[in-house]
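Now for the letters of each chain:
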Amino acid sequence: MAKFDIIAATGCPTGIAHTFMAKEALEKAAAERGLTIKVETHGQVGVENELTKSEIAGAKAVVVAADKDVQAERFAGKPMVSVGVSKALSVEAAGKLIDRALAAKGDDTVAAAADVEDEVEEKESIGHIIYKHLMNGVSHMLVFVVAGGVLTAVSFLWGITSFDSTASDYNSFAAMLKIIGGIAMNLMVPVLSAYIAESIGKRPALVPGFVAGMIAIQGLPVNAETGMIDAGGAGVGFGFLGGIVGGFLAGYVILLLEKVFAGLPKNLDGLKAIFLYPLFSTAIVGLVMLGISGPMAAINTAMMDFLKGLSASGAVVLGLAIGCMCAFDMGGPVNKAAYVTGTAMLTEALAAGVGTDTYNFGTNFMAAVSAACIVPPLITTFAVVVGKKYFSQEDHDAGVVNLILGCTHITEGAIPFMTKNIWPVMPIMMLGSSIASILTIMFNVHDPAPHGGFLVLPVVENGPLWVLAILIGAVVGGILFVAFKKYDFEKNQKAAPAAKPVEAPKAAAVETPKAEAADFVKVENVFVAEDFASRDEALSFVSNQAVKAGIASDADAVMNAFLAREAEGTTGMMEGFAIPHAKSDAITEAAVIVVKDECGVTGWDTMDGAPVNVAIALLIPGAQAGTTHLKILSKVAEALMDEDFRATVKGSTDAAEIAKTINSRLV
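Note that the structure is a prediction, hence the values are computed from the model and not measured.

What counts and what doesn't
Residues numbered from 1 in each chain as written. Predicted model: local features only at pLDDT ≥ 70, side-chain atom pairs only at ≥ 80, totals over all residues. Heavy atoms only, no water. Core = buried A, V, L, I, M, F, W, Y, C linked by side-chain atoms within 4.5 Å. Buried < 20%, exposed > 50% of the residue type's maximum accessible area, 1.4 Å probe, protein only. Helix = DSSP H or I, 4+ residues; strand = E, 2+ residues; numbered from the N terminus. Contact = heavy atoms within 4.5 Å. Phe/Tyr/Trp six-rings, centres within 6.5 Å; stacked < 30°, edge-to-face > 60°. Lys NZ or Arg CZ within 6 Å of the ring centre and 35° of its normal. Salt bridge = Lys/Arg side-chain N within 4 Å of Asp/Glu carboxyl O. Patch = residues over 30% accessible without salt bridge, like charges linked within 9 Å, V, L, I, M, F, W, Y side chains within 5 Å. Areas by Shrake-Rupley, 256 points an atom, 1.4 Å probe, with all protein chains shown as cover. Axes fitted to C-alpha atoms, helices over the stretch in contact; angles between N-to-C directions. Parallel < 35°, antiparallel > 145°, perpendicular 65-115°, else oblique. Left-handed = near helix turned anticlockwise from the far one by under 90°. Pairing = 2+ DSSP bridges. pLDDT = per-residue confidence, 0-100. Expected span 1.5 Å × (residues − 1). Polar contact = N/O pair within 3.5 Å; in protein donor to acceptor, adjacent residues only side chain to side chain. Nonpolar A, V, L, I, M, F, W, Y, C, P; charged D, E, K, R; others polar.

Undergrad: Can you tell me about the nonpolar core, naming the residues and giving the values?
TA: Membership of the largest hydrophobic core comes to 62 residues, with the highest contact counts inside it found for Ile6, Leu26, Val63, Ile98, Trp466 and Phe481. For this core, the element with the most residues is helix α15 (residues 357-386), which contributes eight residues. Look past the residues within four positions of Phe481 in its chain and what remains in contact with it is Ile379, Thr380, Ala383, Phe391, Phe417, Val425 and Ile428. Judged by nonpolar contacts, the second largest core, of 57 residues, contains Met289, Leu318, Ile322 and Ala368.

See below:
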């Protein structure tokens, strides 16, 4: 059975994009460090690449990057870091998590590399714990919303009142679709509540969780004639917010009961699970939920009135709020808050019925939310097509794929573009989404389906205007994005030495790294008989040699880039090797400089505590960060796992042989 240095589990609420982006980032970060890793993903289709008990037992450390329950109790006793999935979407962030996980086992050399802020965050915050439980419920709920909402919307193709047997446009098949869709939608709150509870109290919490959710949608039944509590009466539901409250209540009631019944004999565990827990938890949770139904219904009504009040303030105010929330973190907590609010409004709308004010507001709100979620990926598609020369080939390919993601209401594809330049890309995305939301509201678009993007266009009222609103937002955002990339590209060109004019965009170097691989390590950039007193002296030497070789224009800038990377986590590996790397606009071409110190560089933190004898330094222009940088780094990291490669490079004093050996692994 294979053993892994690091094991990890990732999961986001929807299980579509963040889950797998975090997996890729963790794998690349582990490769940078010469570590083996296995990442288990908790996506919408279930658990993939599942970790076995022996793999968990054999791992040095664990990284959990998830906003849903991934059964972290399996890792009890292992050095572990647990954060939200958004904290692991870039390679650098994922690398810091790996360093923190290794530090947790008492590795002083790694612990020194973790900054103070990360150490403070080592313990999972209360806020993230609550958010994780909430998102576990949301992730299970969303599939019911999508299935029920789309089926209900499709039933409208036969006519708005085609489900009504007394209407002139009645259709029995449409009526059945609406019945099925309605049942799925009605399960939204109970499922939300149950799986929030399950995340807290595990399986025993499902029963009180479902009951709490059902009470949330039904309310406290009261007899209209007597005004007293009556099982045959009617109540006022308190919906989505009630489901959240009920879920947390059910989960923590189970934890309380576990403590209460902890003193019972072990042979009564079966009785506790099948009788005591469900009986007492359901009674307690049910009574509390019925007791708070009045105040919760008032809060729910107040929230809906507040949102309607925003609408009364004008399309600009409401659309701006929706657009900024949806594009702020594109699939993260703020985006999910806007989307889940939209689905809650849509549920109210469908329950109220076509033609009511509630229906009109809820479906218009949902259309604005959907428009705001669709725009960011389309902005990247427009930008990489119109401004192709300003993007790397990797970014261009990702932008083209985002056309499909955007059209199907998957916002997360735009995240890699934003993480490279949060300012000004995030404001650009927020502006584009806000424009689309504002126009959607102004155009009086109504979307009775909670997901699907342009796939549900046939059921969208004023669909052509909706598409127009989205395209306007995407084009405006795309133009601004291209303008920024053009400015950034020209700035990098001016930073290059006049004697070395730029013949083609740097993206070309990214497209064909294999063709240039043989030039990365030049014989004159291999130094085999050096003697360094410290890590910083070695890095300073490399920085100055880079300027002498015409690889960089500013030795201080290169040195600062090296030190910044070391501050994030040591690049010292094992068996005398280090892979320092600098990404800077002062570096004009991708290159590798190799230095050897037979006596060993002391003070350079390594994973096995041994001094560094060989430093393979990577120098990457800022424009190629995340592309050429990662490709070369992963190749070098992979090569260091080869015993023959290590022996040849470490044992040779021939610069030409060392250059040839390394270049052969970069092809």
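Undergrad: Give a detailed account of the environment of Gly473, specifying residues and quantitative values.
TA: For Gly473, the position within the fold is in helix α19 (residues 463-495). What makes Gly473 buried here is its relative accessible area of 0%. C-alpha of Gly473 to C-alpha of Val375: the two residues are 98 residues apart in sequence and 6.5 Å apart in space. Contacts of Gly473, omitting those with residues within four sequence positions, involve Val375, Ile379, Gly432, Ile435 and Ala436.

Undergrad: Describe the packing of aromatic side chains, naming the residues involved and giving the relevant values.
TA: Aromatic rings considered in pairs are described by the distance between their centres and by the relative angle of their planes. According to the stated counting rule, one finds twelve aromatic pairs in the structure shown. Between Phe417 and Phe481, the aromatic rings sit 6.2 Å apart at their centres with planes inclined by 80°, giving edge-to-face as the arrangement. One end of the pair, Phe417, is in helix α17 (residues 415-420); the other, Phe481, is in helix α19, and 64 residues separate them in sequence. We classify Phe417 as buried; its relative accessible area is 5%. For Phe481, a relative accessible area of 2% puts it in the buried group. In textbook terms, an aromatic cluster arises when at least three aromatic residues are bridged by ring pairs, as seen for Phe261, Tyr277 and Phe280. The side chain of Lys178 reaches across the aromatic face of Phe163, ending 4.6 Å from its centre.

Undergrad: Before we move on, can you summarise the pattern of salt bridges with the specific residues and values?
TA: Throughout the structure, instances matching the rule amount to 17 salt bridges. Glu32 serves as the salt-bridge partner of Arg565, at 3.7 Å between the closest nitrogen and oxygen. Taken together, the residues Arg565 in helix α23 (residues 555-568) and Glu32 in helix α1 (residues 18-32) connect sequence positions 533 residues apart. Glu32 carries the same exposure label as Arg565, and that label is buried. Between Arg535 and Asp536 there is a salt bridge, and its shortest N-O distance comes to 2.9 Å. Residue class for Asp536 comes out partly exposed when judged on its relative accessible area of 34%.

Undergrad: So what's going on with a nonpolar patch on the surface? Residues and values would help.
TA: Nonpolar side chains collect at one region of the surface, where Leu271, Ile274, Phe275, Leu279, Phe280, Ile284 and Val288 lie side by side and expose about 620 Å² of accessible area between them. Along the chain, Leu271 turns up in helix α11 (residues 269-291). Take Leu271: its relative accessible area is 39%, and that puts it in the partly exposed class.

Undergrad: Which residues make up the packing of helix α10 (residues 239-260) against α11, and what are the values?
TA: Axis separation between α10 and α11 bottoms out at 10 Å; the angle between their running directions is 140°. By the angle between their axes, α10 is oblique relative to α11. α11 is crossed by α10, and the crossing has right-handed handedness. Between α10 and α11, the contacting residues are Gly242, Gly246, Leu249, Ala250, Val253, Ile254, Leu257 and Glu258 on the first element and Tyr277, Phe280, Ser281, Ile284, Val285, Val288 and Met289 on the second.

Undergrad: Go over the sheet that holds strand β1 (residues 6-11) with me, naming the residues and quoting the values.
TA: Ordered in space as β3-β2-β1-β4-β5, the five strands form an open sheet in which the pairing is mixed. At either end of the open sheet lies a strand with only one pairing partner, and these are β3 (46-48) and β5 (80-83). Sheet twist, expressed as the average angle between the axes of neighbouring strands with direction ignored, equals 10°. In this structure, strand β4 (residues 61-66) lies alongside β5, joined through four bridges in parallel fashion. For Val62, the partnering residue across the bridge sits in β5 and is Met80. Each of β1, β2 (37-43), β3 and β4 is contacted by α1, which is oriented at about 175° to β2, the strand it contacts most. Seen against the sheet, helix α3 (residues 91-103) touches β1, β2, β4 and β5 and runs at an angle of roughly 135° to β4.

Undergrad: Explain the confidence of the model for the protein to me, and be specific about the residues and the numbers.
TA: With 90% of its residues at a pLDDT of at least 70, the protein reaches an overall mean of 85. Predicted confidence for residues 106-122 stays below pLDDT 50, and this span has 26 contacts to residues more than four positions away or in other chains. Note that residues 496-518 has pLDDT below 50 and, in this model, 31 contacts with residues that lie over four places away or in other chains.

Undergrad: Account for helix α13 (residues 315-329), with residues named and values stated.
TA: The terminal C-alpha atoms of α13 lie 22 Å apart, and with 15 residues this matches the ideal 21 Å at 1.5 Å per residue to within 8%. If you check which residues of α13 are buried, you get Ala315, Leu318, Gly319, Ile322, Gly323, Cys326, Ala327 and Asp329. One or two positions beyond α13, positive phi appears at Met330, with a value near 45°.

Undergrad: Residues and numbers for helix α7 (residues 172-186), please.
TA: Under the 1.5 Å per step criterion, the end-to-end length of α7 is 21 Å for 15 residues, consistent within 8% with the ideal 21 Å. Of the residues making up α7, those classed as buried are Ala174, Ala175, Leu177, Gly181, Ala184 and Met185. Taking the backbone nitrogen of Phe173 as reference, a side-chain oxygen 2.9 Å away marks Asn171 as the first, capping residue of α7.

Undergrad: An account of the packing of helix α6 (residues 126-155) against α10 is needed here, citing residue identities and associated values.
TA: With their axes 11 Å apart at the nearest point, α6 and α10 run at an angle of 120° to one another. As judged from the angle between their axes, α6 and α10 are oblique. For the pair α6 and α10, the sense of crossing is right-handed. Every residue of α10 that contacts α6 at Ile130, His133, Leu134 and Met141 is listed here: Phe240, Ile244, Phe248 and Tyr252. Among the residues making up the contact of α6 with α10, the classes are represented as seven nonpolar, one polar and no charged.

Undergrad: So, the environment of Gly235: which residues are in play, and what are the values?
TA: By secondary structure assignment, the location of Gly235 is in the loop between α9 (206-218) and α10. Classification of Gly235 by relative accessible area gives partly exposed; the value is 34%. Those residues in contact with Gly235 that lie beyond four places of it in its chain are Gln218, Gly219, Leu220 and Pro221.

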